[in-house]
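Now for the letters of each chain:
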Amino acid sequence: MSVARFWRETPRRYNLGGSKCTMCGTVYFPPRAVCPECTSHRQSIEKMVPYQLSGEGEVISYTIVHDAAEGFEMQVPYALGLVKTPEGPVLTGQIVDIEPETVAIGLKVRATFRKLREEGASGVIHYGYKFTPLDESGILPSARGPAAPAPAKDAPGPERTST
Amino acid sequence: MEAGIVSYGAYVPRHRITPTEIGRVWGVDGEAMGLGLNVRRKSVPAPDEDTITISTEALRTALVRGAIDPQQIGALYVGSESHPYAVKPSATVVAQAVGATPNLTAADFEFACKAGTAAIQTCLGLVGAGMIRYGVAIGADTSQGAPGDALEYSASAGGAAFVIGKERVICRVERTTSYTTDTPDFWRREGQRYPSHGGRFTGEPAYFRHVTECAHRIMEASGTTPKDYQHVVFHQPNGKFPQRVGKQLGFTDPQMRYGLVTPAIGNTYSAAALIGLANVLDHAHPGERILMVGYGSGAGSDAFDLETTDAIASFEKGYGRPVEYYLENGVELSYAMYAKFRGKIHMGGE
């Protein structure tokens, strides 16, 4: 890939920069200049605004890659997933930091920033999003509900058993 | 000083290798080596991780925790001795990846293991002078020791990012002092894959002299003694040096408890003292005093006299993993997998 072509794509690869139709609210990734959902496509021209995805999502399908594309040989076997985002778009991305055999449909993930490939030993290094399993520490404070009231000190927790 | 730490985040890759496993390959008693260095495991970056990705993860955590608008960052510095490019800044990629471009100044720092603390000092100056609102200082590395070399048992990967500002400061910087000399204890020449070092020369005339001199100078200037600090963090090339220098200076094990992280993750170089500080802040309550003394070969020390504020009590620690998670978790690798991950296997060509 040419340096210029990758550079043009950095907003979406680095920051999941998509677009949103201000007419109907549909979110697109990669970004679109025209909204195909709107009945009159022409009306949406210049009504599309940049929109950054949160990076959270759920695996709706996946495959385990054993015969890798050039540049990914060191990582086989690895999981490549289709991730449905809460904003709407479905993204394709590698799922890292997990044993591939434990990836499952329904797995909650979040975007992480990784090296995608290198153009040989002297070429540029391409970076972008991959997905990593989402645990509690990855949930954005804004996405959390109000804090649950702390349980009373004497209340028996589920892990406590009387002996 | 008006400027202080507003937010922070740390990141350590998922994989680990033990000194026992490394020693098995080189015909050395790795267990004894690990005990001697006080290193139980060291972190290993995945093939798709480097200083830039580690820095980005750490900074993204810090920005969410501090609810900081990346467009308000006026300076971003990445301190490392393993920048992926010899020419082309790591800082520009990180700045773009967190949405901080284009209205900021950015640069890469290198000073062996203390480039991250040097970046903090630079940010303190810029924020203090009113030139910028927030400054970001990152220390991150994916360091390598030559196969079989003593360094291979400790050189690891990790990063920590600190946001420096004047508003909502969670940890005040009362003072910072440095001690710098030309001391060739450890180096890597241009184009060389692995660093070289002066063996035992890295000890007394290098690490111990600079750390103790710098610690004495800052405590003298602040009018403090070791008893005045709840926590102390030293640069930690292994688990032994910081323990010994702490004892020499008169600090106790409880003061070093949270600041010493190398035994569980190895020497993260530019991130070592900073991940130690992040762990201290993870546990600290308001009004606790912290002494941090970094060290970089070549050689110099940066010391910081710090005190947590009331704001740390309400600081958002729930987002991003606490340092303790990285100390306790990890997936162990065989030496063969480690060699593959770190590019130590010759694949032919070139």
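Residues numbered from 1 in each chain as written. Chains lettered and ligands numbered in written order. Predicted model: local features only at pLDDT ≥ 70, side-chain atom pairs only at ≥ 80, totals over all residues.

K.L.:
Please explain the overall build of chain B as it appears in this structure.
P.N.:
Broken down by element type, chain B carries twelve helices and 14 strands. The C-alpha radius of gyration of chain B comes to 19 Å, within 12% of the 20 Å expected for a compact globule of 350 residues. In terms of overall dimensions, chain B has a C-alpha envelope of 55 × 45 × 40 Å along the principal axes. Within the span of chain B, comprising 350 residues, buried residues form 57% of the whole. (Helix = DSSP H or I, 4+ residues; strand = E, 2+ residues; numbered from the N terminus. Rg over C-alpha atoms; globule rule 2.2 N^0.38 Å. Buried ≥ 20, exposed ≤ 12 C-beta atoms within 10 Å, placed from the backbone.)

K.L.:
Whenever I open this one, the nonpolar core confuses me. Can you help?
P.N.:
The nonpolar side chains of soluble globular proteins are, as a tendency, buried together. Core analysis: the largest hydrophobic core is formed by 130 residues, its most contacted members being B:Leu76, B:Tyr77, B:Val94, B:Cys123, B:Val136, B:Ile138 and B:Ile164. Apart from residues lying up to four places away in sequence, B:Leu76 is in contact with B:Ala91, B:Val94, B:Ala95, B:Ala100, B:Leu104, B:Ala106 and B:Val136. (Core = buried A, V, L, I, M, F, W, Y, C linked by C-beta atoms within 7 Å. Contact = placed C-beta atoms within 7 Å.)

K.L.:
Help me understand the sheet that holds strand S4 (residues 73–79) of chain B, please; the structure alone is not making it clear to me.
P.N.:
By way of backbone hydrogen bonds, the strands of a sheet pair with one another, either parallel or antiparallel. Residues and elements named next belong to chain B. Read across the sheet, nine strands follow the order S5-S4-S6-S7-S1-S8-S13-S12-S11 without closing on themselves; strand pairing throughout is mixed. Of all the strands in the sheet, just strand S5 (105–109) and strand S11 (231–234) have a single pairing partner and so form its edges. On average, each strand axis in the sheet is inclined to that of its neighbour by 20°, with strand direction left out of account. As paired elements, strand S12 (residues 289–296) and strand S13 (residues 298–308) share eight bridges and run antiparallel to each other. Across the sheet, residue Gly-296 finds its bridge partner in S13, namely Gly-300. Of the strands in this sheet, S4, S5 and strand S6 (134–142) are in contact with helix H4 (residues 90–97), which crosses S4 at around 130°. Running at roughly 140° to strand S8 (residues 171–183), helix H6 (residues 203–222) makes contact with S8, S11, S12 and S13 of the sheet. (Pairing = 2+ DSSP bridges. Axes fitted to C-alpha atoms, helices over the stretch in contact; angles between N-to-C directions.)

K.L.:
Whenever I open this one, the domain arrangement of chain B confuses me. Can you help?
P.N.:
A common way to state how big an interface is: give the accessible area lost once the parts meet. Residue and element names in this part refer to chain B. We note that the domain assignment places domain 1 (4–170 + 320–341) and domain 2 (171–312) within chain B. Contact residues are listed per partner, giving 49 residues for domain 1 and 44 residues for domain 2. Elements represented by at least two residues in the side of domain 1 that touches domain 2 include exactly strand S1 (4–11), strand S3 (42–44), helix H5 (115–128), S6, strand S7 (157–165) and helix H11 (323–328). Residues that form the side of domain 1 that touches domain 2 fall into these classes: 25 nonpolar, 16 polar and eight charged. (Domains from an automatic or database assignment. Nonpolar A, V, L, I, M, F, W, Y, C, P; charged D, E, K, R; others polar.)

K.L.:
Would you mind showing me how to read helix H1 (residues 19–26) of chain B here?
P.N.:
Residues separated by three or four positions in an α-helix point in the same direction, a consequence of the helix having 3.6 residues per turn. B:Pro19, B:Glu21, B:Ile22 and B:Gly23 are the residues of H1(B) that are buried. B:Gly27, located one to two residues past H1(B), shows a positive phi value of around 70°.

K.L.:
I tried to follow the interface of chain B and chain A on my own but got confused; where do I start?
P.N.:
Every contact between the two is made by 23 residues of chain B and, on the other side, 17 residues of chain A. Those elements giving two or more residues to the side of chain B that touches chain A turn out to be helix H3 (51–65) and H4 of chain B. With five residues, H3(B) is the single largest residue contributor to the side of chain B that touches chain A. A breakdown of the residues in the side of chain B that touches chain A according to their chemical character gives eight nonpolar, six polar and nine charged.

K.L.:
What should I look at first to understand the sheet that holds strand S2 (residues 15–17) of chain B in this one?
P.N.:
Residue and element names in this part refer to chain B. Reading across from one edge, S3-S2-S14 is the order of the three strands in this open sheet, with mixed pairing throughout. Strands with a single pairing partner mark the edges of an open sheet, and in this sheet they are S3 and strand S14 (331–332). With two bridges connecting them, S2 and S14 associate as parallel partners. If you follow Arg-16 over to S14, its bridge partner there is Glu-332.

K.L.:
When you look at the confidence of the model for chain A in this model, what are you seeing that I'm missing?
P.N.:
Interpreting fine coordinate detail is not advised for predicted regions of low pLDDT. Residue-level pLDDT values for chain A average 87, and 88% of them are 70 or greater. In this model residues 148–163 of chain A is a low-confidence stretch, pLDDT under 50, and it forms zero contacts with partners more than four residues away in sequence or in other chains. (pLDDT = per-residue confidence, 0-100.)

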